[in-house]
Amino acid sequence: MSVINIEEPNVVIREKRLGTINAFTGTASEIVQKSEAGTLKDAKRKFSQCLGCNAQQAFCQLSMIKDVAVINHAPIGCAGEFSDFNFTFRVEQEKRNLPEDIGRYFSTNIQEKDTVFGATKKLEETIHIAYERVKPRAIFVTTSCASGIIGEDIESVVEKASKELGIPVVTCSCEGFRSKVWTTGFDAAYHTVLRGIVKPPTKKTNKINVVNFWGSHVFDEIFERFGYEAQYIMPFASIEELEHCSEAAATIHICPSLSTYMGAGLSQLYDVPEITAPPAYGIDGTDGWLRALGKVLGKEDVAEELIREGHEKYVPEINKLKERFKGKRAYVTAGAAHGQALIHLLRELGFDVVGASVFHHDPIYDSGDRNMDVLAHAVSTYGDVKDYRVCNKQSCELVNALIRSKPDFIMARHGGMTLWGAKLGIPTLLIGDEQFGIGYKGALNYARRIDETLDSIEFIKNFSKHASNPYTEWWLTQEPGYFQNGGKGCGCREGA
Ligand code: SF4
């Protein structure tokens, strides 16, 4: 179990806290066994085609809290994600019938001379400008490689500003170079909120924290049956709601990779119990998750009722669709725990999951509870996945793995990966809303969408005839994990 220490301004990075890795080639059972034994080691990748920045993941969680301003203490180039998240913020507001508001994002625009003379003055001014312009309930200051390298004393600036303005002004240490695992950025955002926003509880409420991105509100109906209410955090929560999330009856995860730190933090600091069963994906997964939730809430009878109703209502149609998927080969590419949940779901729908490329691997979560291990659960229920890779979105590896696995269908979680399905003539499904697949209804949702996706086979095959491939013949004959083992050269036509 990790110890969550909110006295420290910086979150301990995932590599150190959880032993997280970015590169692995083997089988699913091998990675599960090594994770349990504590012998998992990161392969040394000698070439990376691309990398994510953990500052972006921190921003992803902080930027859509309803009444805050976020200041990126960085050169303007680090603010590339402002437009992406502003767009998501607007779209998701519309979906929720909320008044439209733009993201309140600011950059201190650190320039070359600031790296010599310091930029704390600029930061002080930007905090005051942000406060005057948007009157936020809290201000978060996210850091960058530049502010980290020049050793800015951000803590004293935010402390002073917080006293002057009478609102929390909190640093989020998420310099890109701090961690090779971009999901450390989620932890940095939760550390910031636990440290600077969440208050000790004064009472218990009937709320259940759902730590999520900005998914649909599928938990409302489920929790209502138990007599509880969903509190979705952190996007679209207000500062007041976050202050009181310590008073909740429980915390649930839609993806432990996302929220392991927040769940453990609320549990360790304020005794909010975490539901440590794998998330509710697939029939079997939903049964287990409902039973775990019922147990924590002391309402096992309600859980059994929901299981009975769910089976009666959804399983017959799922079984009909399963007949159409029998013998089909599937490939999954997604974030770690979510990808593992998708493996579980696809197997339950009758697919032969021939391979997976997930973006990182956490051998353990912050709770230290092995029950949360989604992959171990998938392997013990449905058997091994022969070609299981940890590949932090290196398209070159994915392309080679797909060419070798020859799947009939790809399930992807991130937009940048789906184009390879189309280029290679393989029907590919991308689901942006992770809550779309939750529960029995979610399993049926997926079965229907997969069925439609498989129907696109002729279109995709035609499309692939006209698609170009940037990789050389040489690269296409290498093992997908070539660079994990010290290979040289990048394999694309420009740089081979
Ligand atoms: S923080 Fe560092 S890694 Fe992240 S965008 Fe800025 S320069 Fe790049």
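This text goes with the structure placed above it.
What you see is a predicted model; the values in this text were computed from it and never measured.

With respect to the packing of helix H2 (residues 28–37) against helix H16 (residues 374–382)
No. 1: Put simply, H2 and H16 touch, their axes get as near as 10 Å, and they point 130 degrees apart. Taken together, H2 and H16 sit at an angle that is classed as oblique. Between H2 and H16 lies a crossing of left-handed hand. Where H2 approaches H16, its residues Ala28, Ser29, Ile31, Val32 and Glu36 are matched on the opposing element by Leu375, Ala376 and Val379.
No. 2: Looking at the contact of H2 with H16 residue by residue, the classes come out as six nonpolar, one polar and one charged.

Let's talk about the packing of aromatic side chains
Pairs of aromatic rings are described using the distance from one ring centre to the other and the angle between the two planes.
No. 1: Enumeration according to the criterion identifies 22 aromatic pairs in this entry.
No. 2: An angle of 80 degrees between the planes, with centres 6.2 Å apart, marks the rings of Phe85 and Trp214 as edge-to-face. Remark: Trp214 occurs in the loop between strand S6 (207–211) and helix H10 (219–226) and Phe85 occurs in helix H4 (residues 81–95); sequence separation between them is 129 residues. Take Phe85 and Trp214: they sit in the same class, and that class is buried.
No. 3: Between Phe325 and Phe351, the ring centres sit 4.9 Å apart and the planes meet at 25 degrees, which makes this aromatic pair stacked.

Considerations on the packing of helix H6 (residues 120–134) against helix H8 (residues 154–165)
To describe two helices that pack against each other, one gives the angle between their axes and the distance between the axes.
No. 1: Closest axis-to-axis distance for the H6/H8 pair is 10 Å, and the angle between their directions is 30 degrees. Of the possible angle classes, the one that applies to H6 and H8 is roughly parallel. Every pair of crossing elements has a handedness; the one defined by H6 and H8 is right-handed. Contacts from Thr120, Leu123, Glu124, Ile127, His128 and Tyr131 in H6 reach Ile154, Val157, Lys160, Ala161, Glu164 and Leu165 in H8.
No. 2: Its residues assigned to classes, the contact of H6 with H8 shows seven nonpolar, two polar and three charged.

Quick word on the nonpolar core
No. 1: In terms of nonpolar packing, the biggest core is built from 119 residues, with Phe219, Phe223, Trp289 and Ile450 touching the most fellow members.
No. 2: For this core, the element with the most residues is helix H14 (residues 300–325), which contributes nine residues.
No. 3: Of the domains in this structure, domain 1 (14–196) and domain 2 (326–483) are the two that each give at least three residues to this core.
No. 4: In this structure, Tyr331, Cys396, Val399 and Ala412 belong to the second largest nonpolar core, which totals 17 residues.

Considering the pairing of strand S9 (residues 329–334)
On a regular strand, each side chain points to the face opposite its neighbour's, so the side chains alternate between the two faces of the sheet.
No. 1: Of all six residues in S9, five are buried; the element is thus mostly enclosed.
No. 2: Sheet topology note: the S9/strand S10 (residues 352–358) ladder contains six bridges and is parallel. In the sheet register, Arg329 faces S10, and the bridge partner there is Asp352.
No. 3: Remark: the S9/helix H15 (residues 336–348)/S10 crossover connection has right-handed handedness.
No. 4: In this sheet, strand S12 (residues 409–412) lies alongside S9 in parallel orientation, the contact comprising four bridges. In the sheet register, Thr333 faces S12, and the bridge partner there is Ala412.

Structural notes on the site of the ligand
No. 1: The environment of the ligand is made up of Cys53, Cys78, Ser144, Cys145 and Gly176.
No. 2: Residue classes in the shell around the ligand are distributed as three nonpolar, two polar and no charged.

A word on the pattern of salt bridges
No. 1: Counted according to the given criterion, the structure contains 29 salt bridges.
No. 2: When the shortest N-O distance is used, the salt bridge between Lys34 and Glu30 registers 3.4 Å. With Lys34 and Glu30 both in helix H2 and four residues apart, this pair spans about one turn of that helix.
No. 3: Owing to a relative accessible area of 27%, Lys34 belongs among the partly exposed residues under this scheme.
No. 4: We classify Glu30 as partly exposed; its relative accessible area is 28%.
No. 5: The shortest N-O distance in the salt bridge between Arg96 and Glu92 comes to 2.8 Å.
No. 6: Glu92 sits in the buried class, given a relative accessible area of 7%.
No. 7: Salt bridges here are not isolated pairs; linked through shared partners, they connect Arg14, Arg17, Asp187, Asp362 and Asp366.

What counts, and where the lines are drawn
- Residues numbered from 1 in each chain as written.
- Predicted model: local features only at pLDDT ≥ 70, side-chain atom pairs only at ≥ 80, totals over all residues.
- Heavy atoms only, no water.
- Axes fitted to C-alpha atoms, helices over the stretch in contact; angles between N-to-C directions.
- Helix = DSSP H or I, 4+ residues; strand = E, 2+ residues; numbered from the N terminus.
- Parallel < 35°, antiparallel > 145°, perpendicular 65-115°, else oblique.
- Left-handed = near helix turned anticlockwise from the far one by under 90°.
- Contact = heavy atoms within 4.5 Å.
- Nonpolar A, V, L, I, M, F, W, Y, C, P; charged D, E, K, R; others polar.
- Phe/Tyr/Trp six-rings, centres within 6.5 Å; stacked < 30°, edge-to-face > 60°.
- Buried < 20%, exposed > 50% of the residue type's maximum accessible area, 1.4 Å probe, protein only.
- Core = buried A, V, L, I, M, F, W, Y, C linked by side-chain atoms within 4.5 Å.
- Domains from an automatic or database assignment.
- Pairing = 2+ DSSP bridges.
- Right-handed = clockwise from strand over helix to strand, strands pointing away.
- Near = heavy atom within 4 Å.
- Salt bridge = Lys/Arg side-chain N within 4 Å of Asp/Glu carboxyl O.

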